[in-house]
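In case you want the letters, here they are:
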Amino acid sequence: MSILSRSVCYSTMADCSWLWSIIWAIILLVFGWPIGLICALFYCLLSPLAACCSGCSELINLLDRGVKLPMTCAQNMVNGKAMC
């Protein structure tokens, strides 16, 4: 068995990154974009309050993580990263 054929066998049998990419695409469409859009709306509305209310900064940080959720899903989709 040549080196080329061995690498083809290993990559097709053990590589399930395409399956994880499909799962991440579904998560992006169903959860990522809607949560990101809702968080972006509230982030824009509430971020000016962080200047005068120190307690709002934790909420603003949480909303910022929600805004970045679609990017995280897309990066995991491109890399085929497993969830576990």
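Residues numbered from 1 in each chain as written. Predicted model: local features only at pLDDT ≥ 70, side-chain atom pairs only at ≥ 80, totals over all residues. Heavy atoms only, no water.

- Under an unreviewed UniProt entry, the protein chain has the name Caveolin and belongs to Tegillarca granosa.

### Let's talk about the pattern of salt bridges
Point 1. Across all of its chains, the model carries one salt bridge by this definition.
Point 2. Salt-bridge contacts for Lys-68 lead to Asp-64; the nearest nitrogen and oxygen are separated by 3.5 Å.
Point 3. For Lys-68, a relative accessible area of 43% puts it in the partly exposed group. (Salt bridge = Lys/Arg side-chain N within 4 Å of Asp/Glu carboxyl O. Buried < 20%, exposed > 50% of the residue type's maximum accessible area, 1.4 Å probe, protein only.)

### Remarks on the UniProt feature "transmembrane region" (unreviewed entry) in the protein chain
Point 1. The feature "transmembrane region" (unreviewed entry), as given by UniProt, occupies residues 21-43 in the numbering adopted here.
Point 2. The distance from the first to the last C-alpha atom of residues 21-43 is 29 Å, and the span holds 100% helix and 0% strand. (UniProt positions renumbered as here; feature names shortened; annotations may be inferred. Helix = DSSP H or I, 4+ residues; strand = E, 2+ residues; numbered from the N terminus.)

### Digging into the confidence of the model for the protein chain
Point 1. Mean pLDDT for the protein chain: 86, with 83% of residues reaching 70 or above.
Point 2. Note that residues 5-10 has pLDDT below 50 and, in this model, two contacts with residues that lie over four places away or in other chains. (pLDDT = per-residue confidence, 0-100. Contact = heavy atoms within 4.5 Å.)

### A look at the environment of Cys-44
Point 1. For Cys-44, the position within the fold is in helix 2 (residues 17-46).
Point 2. Residue class for Cys-44 comes out exposed when judged on its relative accessible area of 55%.
Point 3. Cys-44 sits 16 residues away from Ile-60 along the chain, and the two C-alpha atoms are 9.4 Å apart.

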